[in-house]
Amino acid sequence: MTDATEEHEAMALAAEYALGLLTAAEEKAFEDAMAVDPELRASYAQWAEDFAAITDRIAPVAPPKDLLGRIEAMLFPGPAKTEKKSLLSRFTLLPAALTGLVAAAAVLLVVNLDFQEPTTVPFAPEYTAQLTADDQSLVVLAAYDADSKVLRLDRSAGAAQVGRSLELWLVVGDNAPVSLGILADAAATEITLSDNLAADIPGGVLAISDEPLGGSPTGSPTGSVLAAGPITQL
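Scoring rules and cut-offs
Residues numbered from 1 in each chain as written. Predicted model: local features only at pLDDT ≥ 70, side-chain atom pairs only at ≥ 80, totals over all residues. Heavy atoms only, no water. Helix = DSSP H or I, 4+ residues; strand = E, 2+ residues; numbered from the N terminus. Buried < 20%, exposed > 50% of the residue type's maximum accessible area, 1.4 Å probe, protein only. Lys, Arg positive; Asp, Glu negative; His and termini not counted. Salt bridge = Lys/Arg side-chain N within 4 Å of Asp/Glu carboxyl O. Contact = heavy atoms within 4.5 Å. Core = buried A, V, L, I, M, F, W, Y, C linked by side-chain atoms within 4.5 Å. Phe/Tyr/Trp six-rings, centres within 6.5 Å; stacked < 30°, edge-to-face > 60°. Pairing = 2+ DSSP bridges.

Undergrad: Would you mind going over the side chain of Glu167 in detail, with residue names and values included?
TA: Turning to its location among the elements, Glu167 is positioned in strand 4 (residues 164-171). Although Glu167 lies buried, it forms no salt bridge, and the closest oppositely charged side chain, Arg164, sits 9.1 Å away as judged by the N-O distance. Excluding residues that lie within four positions of it along the chain, Glu167 makes contacts with Ser179, Gly181, Ile182, Ala207, Ile208, Ser209, Glu211, Gly215 and Ser216.

Next comes the structure, spelled out in structure tokens:
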């Protein structure tokens, strides 16, 4: 990276990678480049550290005490509620401080980088969600672009168990959960939503459950809810 323009573009790409905004192909290409370029690795490490430091002065906010019960009721309404209760023992929403991190990081990226004209369809997320398991065994950052109706998910920790799948659900109000599909084996997953699903993104909740290989056979969550998070507008 000797040319100033190339160095600037590499820094921008490292920031996008740290925020989980790259497609699966872009992410793979960046990781291959980073494996042989120490300057690129250092740039990514600095972005990751800077983004994480944004919340240093933000006090954590605990979710409402009744939140678990309300989410449980939305995911498993009616008689199935008692039967499924044990499946939600590890289910919790991320404190509001992490939502602030995602929003602040995206704003910082836009304000401080003078991007070159994109060579692919622009991806400008307006909504984000952080899905994190209690023990940090599963961490997924979601970003949604309302114009293209594309939902991108970057899994920085965790994976499906052998012979199982991670399934993504959208929960809106008291409505039954709607499957958005299976998370890819790769760290990045990209989903294009239908018009109906896109309209439900604002104010919704994303959740990930452990399901049989290929997804739930019933159209509703059948396994443990591993992680969930509210969808927040940037």
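Still more ground to cover, so stick around.
Undergrad: Please give an account of the nonpolar core that cites residues and values.
TA: Core analysis: the largest hydrophobic core is formed by 25 residues, its most contacted members being Leu131, Leu168, Leu180 and Leu206. Only strand 1 (127-132), strand 2 (139-145), strand 3 (150-157), strand 4, helix 7 (195-199), strand 7 (205-212) and strand 8 (225-230) provide two or more residues apiece to this core. Residues contacting Leu180, with those up to four places away along its chain left out, are Leu151, Leu168, Trp169, Leu170, Ile191, Leu193, Leu197 and Leu206.

Undergrad: So what about the packing of aromatic side chains? Which residues, and what values?
TA: Tallying each qualifying case throughout the model produces three aromatic pairs. On the numbers, 5.1 Å between centres and 75° between planes, the contact of Tyr17 with Tyr44 is edge-to-face. Residue Tyr17 is found in helix 1 (residues 4-19), and its partner Tyr44 is found in helix 3 (residues 38-53); the two are separated by 27 residues along the sequence. Residue Tyr17 is classed as buried on the basis of its relative accessible area, which comes to 14%. By relative accessible area, Tyr44 is classed as partly exposed at 28%.

Undergrad: Give me the sheet that holds strand 3: which residues, what numbers.
TA: Taking strand neighbours across the sheet as the criterion, the five strands line up as 6-3-2-1-9 in an open arrangement whose pairing is antiparallel. Looking at the sheet topology across the chains shown, the edges are occupied by strand 6 (188-192) and strand 9 (232-233). The sheet contact formed by strand 1 and strand 2 spans six bridges and is antiparallel. Counterpart to Gln130 in the pairing with strand 2 is Leu141.

Undergrad: Quick rundown of the side chain of Ser43? Include the residues and the values.
TA: For Ser43, the location among the structural elements is in helix 3. Exposure remark for Ser43: the relative accessible area of 14% places this residue in the buried category. With residues up to four places along the chain from it excluded, the contact list for Ser43 reads Met11 and Ala14.

Undergrad: Before we move on, can you summarise the pattern of salt bridges with the specific residues and values?
TA: The tally for this structure, following the rule as stated, stands at four salt bridges. With its nearest N and O atoms 2.9 Å apart, the salt bridge here joins Asp32 to Lys28. Of this pair, Asp32 and Lys28 are both found in helix 2 (residues 24-36), four residues apart, which corresponds to roughly one turn of the helix. Judged by its relative accessible area of 46%, Lys28 is partly exposed. The partner of Arg152 in a salt bridge is Glu190, and the shortest N-O contact between them spans 3.0 Å. With Arg152 in strand 3 and Glu190 in strand 6, the pair connects residues that are 38 residues apart, well separated along the chain.

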